[in-house]
Amino acid sequence: MLNKDLKNIYLGAAGGLIGFLVTFFALRVGGTFRVDLTDDQRYSLHPATLSLLQQLDQPVSATLYLSGNLNAGFVRLQRATIDLMEECQNRYPSWEIETKTPDETEQKRLIQAGCVPTLIHERERNGKTVQTPCFPYLKIQYGDKMTYVKLLQNVRGRSGEQNLNQSIENLEYALAENLHLLRQETTPRIAFLEGHGELPEQNVYDLSLSLSRYFQIDRGVLGTSADELNDYQAVIIADPQQAFTEKDKYILDQYVMQGGHILWLVNGVAFSQNALSSQGFTPAIRLDVNLDDLFFKYGFKVRPAIVQDLQCLQVPVNVSANREQPNYQPIPWFYAPLLLTSERSSITRHLGQVSSVFASPIEVLPVDSLRCEVLLATSSDTRLIGVPAKVDLADFNPDPNAFQYRHAPIAVALEGRFASLYAHRQPPREITKQGQTTPYSPSTKQVVVGCGNIIRNEWAEGQPLPLGLDRYSQMTFANKDFLVNAILWLTDTDGLIELRQKQVALRLLNTQQAQVHRATIQWVSTLVPVAILAILGTIVFFVRKNKYSKI
């Protein structure tokens, strides 16, 4: 550890010397001269951002409200935001930057606009804790349009340092996304499919409200024209319970063959929620919605099985033998797994757990023209239950040794060229408007989720509850963020979603090692700079002495 600290000190001193020389050179030649020497390229703009800046045709005004009495972590976030805006200003000169601390009037205006302040907890030397409110928001004005960009990302279960670091990683994407929306002249359209027992509008209300920021949202059943979906950027099929006709499958298939994008949320098992609530048990059977052949052609299968996971939600259960004195205790509900998210995908990067109920695993088939990425998976303690089966609320003590399955895929993203199910078949007779059947698609995308409940929001007292909210624990999981990101990934044509892949290394001080080697580090960090200055001064002295002694 000590050798590593010394190495970092020497590298820091060398970097400081190089920085001094570069600054001196830039001042001598005039203008701005910047070189990003960081290994994670934290000071470089992504090509998608550069392309977006080139498309701007109106002045941009940016006001940063993250200022005032900030701790070191928020100062880092503030500095990173200013650096990003200055780099954008270098690429697009019609960009004004302002940093201000909002007064009481401005704070009220920000709160009315939905900007929730964040409390910074600091402990003073006398041990007293002080709470200071701050507004980690950036106001962007583009022409006559304006929006607020939330800078701070909070993920449940992660430390403050990790959340701040992830917020810095997400800065460029957040800025580019909002600029893209501000300059957007027409609103793209997406559609929720109906006609097969899909979730009604009220049960996807919260997600629809979030997606309305980006899209015009339509709902409806399929007609008889083969190209009626071609005007939509994406189609969402949310938990169908009835079989698809060949006509509907043909329309969906040809939509994909024309480069369309589909978000499938399909269960492999049918069960009765009413029976489970009233009787305490429900039979579970295979859910056949007549999509197996289409899915097989597209390179995946939704298996007819239910997932149980030791990492799951808890539900209140009356454990009292006396009915007159109920005693409700939290009991693990193994049929409600908390799904893990992948850090490798731009859809799920930095997201917390996603809640689900009665999820079915996804099996991916080998197709050379497709690239598959697992988005959601169960934990390493998983059990798969085939159907037919009986789901019983009293089944709270299964054998832990039965949970031998690891990381069952529940959601996957597929990208590439898909083959048509109807390439060598006659179109259904119900199709009235059709051209020639397209056998292969261009490069396009689909997302498959083996759980329709992931998209469902509940209602209470006539009001929709937030998507992903567990009413018992009052925790909100990342269901909505996952689904919004999935739709944005499906419809992304400018590569902006790839900005979420940016990584900034979090280099935290090892406080234990620093305390052990505190004296050595202090001496080295104090003497090494002085020694460097002394050596440079000695060199300069002898050079000058040798130069002027010959005169």
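Preceding block: the structure.
What comes next concerns the included structure. As the structure is a computational prediction, the values presented were derived from the model and not from experiment.

The next thing to look at is the nonpolar core. By size, the foremost hydrophobic cluster in this structure holds 79 residues, and its most contacted members are Trp95, Ile455 and Phe482. Counting 36 residues, the second-largest nonpolar core is a separate cluster that includes Ala191, Leu193, Tyr298 and Ile431.

Let us now look at the sheet that holds strand 6 (residues 145-150). The mixed open sheet is built from four strands, whose spatial order is 2-1-5-6. Strands at the two margins of the open sheet, each flanked by one partner only, are strand 2 (95-99) and strand 6. Adjacent strand axes in the sheet meet at a mean angle of 15 degrees, parallel and antiparallel pairs treated alike. Pairing geometry for strand 1 (residues 60-64) and strand 5 (residues 137-142), over five bridges, is antiparallel. When the bridges of strand 5 are listed, Val60 appears paired with Tyr142. Together, strand 1, strand 2, strand 5 and strand 6 form the strand contacts of helix 6 (residues 171-183), whose direction differs from that of strand 6 by roughly 160 degrees.

All told, the structure shown has 20 salt bridges when counted by the stated rule. The salt bridge involving Arg349 is made with Glu169; its shortest N-O contact spans 3.2 Å. Of this pair, Arg349 sits in the loop between strand 16 (328-341) and strand 17 (354-355) while Glu169 sits in helix 5 (residues 160-169), placing them 180 residues apart in sequence. Residue classification places Arg349 among the buried positions, given a relative accessible area of 5%. Its relative accessible area of 6% is what places Glu169 among the buried residues. Through salt bridges that share partners, Glu246, Lys249, Asp293 and Arg425 make up one connected network.

Scanning all chains against the criterion turns up 12 aromatic pairs. Taken together, the aromatic side chains of Phe271, Trp333, Tyr335 and Phe358 make up a single cluster linked through ring pairs. In this arrangement the basic side chain of Lys390 is found over the ring face of Phe281, its NZ or CZ atom lying 4.8 Å from the centre. In this structure, Lys445 is placed above the aromatic ring of Trp489, and the distance from its NZ or CZ to the ring centre is 4.7 Å.

Moving on, we get to the sheet that holds strand 12 (residues 281-286). Spatial ordering of the open sheet is given by 11-12-21, a layout of three strands whose pairing is antiparallel. Since the sheet does not close on itself, it has two edges, and those belong to strand 11 (269-270) and strand 21 (389-392), each with one partner.

The next subject is the packing of helix 3 (residues 72-91) against helix 6. Two elements in contact, helix 3 and helix 6, have axes separated by 10 Å at closest approach and are oriented at 50 degrees. Classed by the angle they form, the pair helix 3 and helix 6 counts as oblique. Crossing hand, helix 3 versus helix 6: right-handed. Contact residues: helix 3 offers Leu77, Ala80, Thr81, Leu84 and Cys88, while helix 6 offers Leu171, Glu172 and Leu175. Here the residues of the contact of helix 3 with helix 6 sort into six nonpolar, one polar and one charged.

Now for a nonpolar patch on the surface. Taken together, the side chains of Ile532, Leu533, Ile535, Leu536, Ile539 and Val543 define a hydrophobic patch exposed on the protein surface, amounting to about 560 Å² of accessible area. Structurally, Leu533 can be placed in helix 13 (residues 518-548). Since its relative accessible area comes to 61%, Leu533 is described here as exposed.

Attention shifts here to the side chain of Gln78. Mapped onto the elements, Gln78 comes out in helix 3. Overall, Gln78 belongs to the buried group, its relative accessible area being 17%. Residues within four places of Gln78 in sequence aside, it is in contact with Leu64, Leu66, Ser67, Leu70 and Thr99.

Residue Val387 is joined to Pro388 through a cis peptide bond whose omega torsion reads 5 degrees. Among the structural elements, Pro388 can be located in the loop between strand 20 (382-386) and strand 21. Of note in this structure, Asn290 is not a glycine but carries a positive phi near 60 degrees. With respect to the helices and strands, the residue Asn290 is situated in the loop between strand 12 and helix 10 (292-298). Although it is not a glycine, His350 adopts a positive phi angle of roughly 70 degrees. When you line up the elements, His350 lands in the loop between strand 16 and strand 17. Judged by its relative accessible area of 9%, His350 is buried.

Time to look at the environment of Cys134. As for its position among the elements, Cys134 is in strand 4 (residues 129-134). For the pair Cys134 and Leu70, spaced 64 residues apart in the sequence, the C-alpha separation amounts to 7.9 Å. Residues contacting Cys134, with those up to four places away along its chain left out, are Leu66, Leu70, Phe74, Pro117, Thr118 and Ile120.

So, about the pairing of strand 10 (residues 262-265). Burial along strand 10 is two-sided: the face carrying Ile262 and Trp264 and the face carrying Leu263 and Leu265 are both buried. Summarising the sheet, strand 9 (residues 234-238) and strand 10 pair through four bridges and their orientation is parallel. When the sheet's bridge partners are listed, Ile236 is paired in strand 10 with Leu263. In terms of handedness, the path from strand 9 via helix 8 (residues 246-257) over to strand 10 forms a crossover that is right-handed.

Counted under the stated rule, the structure contains two cavities of 30 Å³ or more. In this structure, the largest cavity encloses a volume near 50 Å³. Residue lining of the largest cavity: Thr81, Leu84, Met85, Leu138, Val149, Leu151, Leu171, Ala174 and Leu175, and that is the complete set. Going through the elements one at a time, helix 3 and helix 6 are the ones with two or more residues in the lining of the largest cavity. For the lining of the largest cavity, the class distribution of residues is eight nonpolar, one polar and no charged. Around the second largest cavity sit Thr49, Leu52, Leu53, Leu84, Cys88, Glu172, Leu175, Ala176 and Leu179, which together line it. Listed by contribution, the elements that provide at least two residues to the lining of the second largest cavity are helix 2 (47-55), helix 3 and helix 6. In terms of residue count, helix 6 provides more of the lining of the second largest cavity than any other element does, four residues in total. Its residues assigned to classes, the lining of the second largest cavity comprises seven nonpolar, one polar and one charged.

Criteria and cut-off values
- Residues numbered from 1 in each chain as written.
- Predicted model: local features only at pLDDT ≥ 70, side-chain atom pairs only at ≥ 80, totals over all residues.
- Heavy atoms only, no water.
- Core = buried A, V, L, I, M, F, W, Y, C linked by side-chain atoms within 4.5 Å.
- Buried < 20%, exposed > 50% of the residue type's maximum accessible area, 1.4 Å probe, protein only.
- Pairing = 2+ DSSP bridges.
- Helix = DSSP H or I, 4+ residues; strand = E, 2+ residues; numbered from the N terminus.
- Axes fitted to C-alpha atoms, helices over the stretch in contact; angles between N-to-C directions.
- Contact = heavy atoms within 4.5 Å.
- Salt bridge = Lys/Arg side-chain N within 4 Å of Asp/Glu carboxyl O.
- Phe/Tyr/Trp six-rings, centres within 6.5 Å; stacked < 30°, edge-to-face > 60°.
- Lys NZ or Arg CZ within 6 Å of the ring centre and 35° of its normal.
- Parallel < 35°, antiparallel > 145°, perpendicular 65-115°, else oblique.
- Left-handed = near helix turned anticlockwise from the far one by under 90°.
- Nonpolar A, V, L, I, M, F, W, Y, C, P; charged D, E, K, R; others polar.
- Patch = residues over 30% accessible without salt bridge, like charges linked within 9 Å, V, L, I, M, F, W, Y side chains within 5 Å.
- Areas by Shrake-Rupley, 256 points an atom, 1.4 Å probe, with all protein chains shown as cover.
- Right-handed = clockwise from strand over helix to strand, strands pointing away.
- 1 Å grid on protein atoms, 1.4 Å probe; cavity = no way out; pocket = protein on both sides within 12 Å on 5 of 7 lines; lining within 4 Å.
- Points joined across faces, edges and corners; volume = space filled by probe spheres on them.

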